[in-house]
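Residue-level structural notes
For reference, the chains in residue letters:
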Amino acid sequence: MNDDPIVYLNGDFLPSSQAKVSVLDRGFIYGDGVYEVIPVYHRAPFRMPHHLKRLQQSLNGIRLANPMDDEAWDALVRDLIARQPFDDQSVYLQVTRGAAKRDHAFPKGVAPTVFMMSNPLVLPTRDQVEFGVPVVSADDNRWLRCDLKTTSLLGNVLMRQRAADVGAVECVMFRDGHLTEASASNVLIVRGGTIVAPPKDNQILPGITYDATHEFAREAGMPMEVRPVSRDEAISADEMWLSSSTKEVLAVSTLDGKPIGGGGPGPMFRRMYQAFQNHKPAAARRG
Ligand SMILES: Cc1ncc(COP(=O)(O)O)c(C=O)c1O
């Protein structure tokens, strides 16, 4: 594996060991930036327009001008992909408010910092898909703009570590007695044959994979509802799923050590997982 891959920084492609950012960069000082993660199958980005749309929404949310139009982003992402020696990738891109004298208020006339890298796409293992994964739960104490994909991720980092500390895959969060999301995934449940997903409000990231599951459910005639999900409903659900660009859809086996439903992937999960796999090559071809 190449340990010095080509990355993109402010107009240049260069080995990652040579990519340098100022210590005054507001991404470093304040976490003042936004990012995207785009999965790439066989060198074709999956749902790129959706990711670029969400990037624009995140930039709007932090009042930072988009440094490029979608066409330029598209070309740059494809160029980065072409420079990697592996086919299935996970493109990470971030835009920060640039380097400036430390002061909370926005600096004037400062160019944003644009950074991109691409790592091999590491999907869940066959065992994880087959048997589901353990998760823990916690009260959601993050800020109230979880709809923005910002690089300020300390809340999510601490939640994910809670899971890692006990060998779990994710930390599923509840706010005021209702399901929000997990530290790096959306969460959906199944009750009585219906998929139930929390609404896309300020408390969760509008996941691209979350949207994909809605589309695939509609196509497959799987009943789906979007509404608040109480903690009791979540804990006693027949199935619970995680969704994200790098997990696709993944069933939860246990929450805080107690089985969800039958303690493994249920029939609705298997249908959704299959729908996802069926869509991957076609969508990847469309790019
Ligand atoms: C907090 C959070 N929620 C949800 C998601 C899922 O979003 P997507 O499906 O666009 O990857 C992510 C992705 O990393 C995330 O970090």
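Residues numbered from 1 in each chain as written. Predicted model: local features only at pLDDT ≥ 70, side-chain atom pairs only at ≥ 80, totals over all residues. Heavy atoms only, no water.

1. Some details on the overall build of the protein chain
Scanning the protein chain for helices and strands turns up eight helices and 15 strands. Since a compact globule built from 287 residues should have a radius of gyration of about 19 Å, the 19 Å found for the protein chain is in line with a globular shape. Per-residue burial over the protein chain gives 50% buried out of 287 residues. Partitioning the contacts of the protein chain with sequence separation of at least 6, the portion at a separation of at least 24 is 71%. The averaged location of the 34 negative side-chain charges in the protein chain is 2 Å from the averaged location of its 32 positive side-chain charges. (Helix = DSSP H or I, 4+ residues; strand = E, 2+ residues; numbered from the N terminus. Rg over C-alpha atoms; globule rule 2.2 N^0.38 Å. Buried < 20%, exposed > 50% of the residue type's maximum accessible area, 1.4 Å probe, protein only. Contact = heavy atoms within 4.5 Å. Lys, Arg positive; Asp, Glu negative; His and termini not counted. Charge placed at Lys NZ, Arg CZ, Asp CG, Glu CD.)

2. Quick look at the side chain of Glu233
With respect to the element layout, Glu233 can be found in helix α7 (residues 231-235). Those residues in contact with Glu233, other than ones at most four positions away along the chain, are Ile189, Arg191, Arg227 and Pro228.

3. Comments concerning the pairing of strand β5 (residues 89-96)
For β5, the buried fraction is high: eight of the eight residues fall into the buried class. Where burial is concerned, the two faces of β5 agree: the one with Gln89, Val91, Leu93 and Val95 and the one with Ser90, Tyr92, Gln94 and Thr96 are both buried. Bridge count for strand β3 (residues 33-41) against β5 is eight bridges, and the pairing is antiparallel. Its bridge partner being in β5, Tyr35 is matched across the sheet by Gln94. Where β5 lies against strand β6 (residues 113-120), eight bridges are found, and the strand directions are antiparallel. When the bridges of β6 are listed, Leu93 appears paired with Met116. (Pairing = 2+ DSSP bridges.)

4. Structural notes on the packing of aromatic side chains
Aromatic rings considered in pairs are described by the distance between their centres and by the relative angle of their planes. What the rule picks out here adds up to seven aromatic pairs. In this structure an aromatic cluster arises from ring pairing among Tyr41, Phe46, Phe216 and Phe276. One Lys or Arg, Arg83, reaches over the ring of Phe13 and ends 3.8 Å from the middle of that ring. (Phe/Tyr/Trp six-rings, centres within 6.5 Å; stacked < 30°, edge-to-face > 60°. Lys NZ or Arg CZ within 6 Å of the ring centre and 35° of its normal.)

5. Some remarks on unusual backbone geometry
Excluding glycine, most residues fall at negative phi; most peptide bonds, likewise, are trans. A positive phi angle is found at Arg43, which is not glycine, with a value near 70°. With respect to the helices and strands, Arg43 occurs in the loop between β3 and β4 (44-45). The partly exposed category is assigned to Arg43, whose relative accessible area is 30%. Not every positive phi belongs to a glycine, and Glu248 is a case in point at roughly 55°. Its location among the elements puts Glu248 in strand β14 (residues 248-255).

6. A look at a nonpolar patch on the surface
Together, Val23, Leu24, Phe28 and Ile29 make up a nonpolar patch on the protein surface, roughly 390 Å² of accessible area in all. The residue Leu24 is located in the loop between β2 (12-15) and α1 (26-30) in this model. (Patch = residues over 30% accessible without salt bridge, like charges linked within 9 Å, V, L, I, M, F, W, Y side chains within 5 Å. Areas by Shrake-Rupley, 256 points an atom, 1.4 Å probe, with all protein chains shown as cover. Salt bridge = Lys/Arg side-chain N within 4 Å of Asp/Glu carboxyl O.)

7. Observations regarding the pattern of salt bridges
A side chain of one charge can pair with a side chain of the opposite charge when the charged atoms of the two come close. In the structure shown here, the tally under the stated rule is 18 salt bridges. One salt bridge connects Glu130 with Arg270, and the closest N-O pair in it is separated by 3.8 Å. One end of the pair, Glu130, is in helix α4 (residues 126-131); the other, Arg270, is in helix α8 (residues 267-286), and 140 residues separate them in sequence. Glu130 gets classed as partly exposed once you look at its relative accessible area, which sits at 40%.

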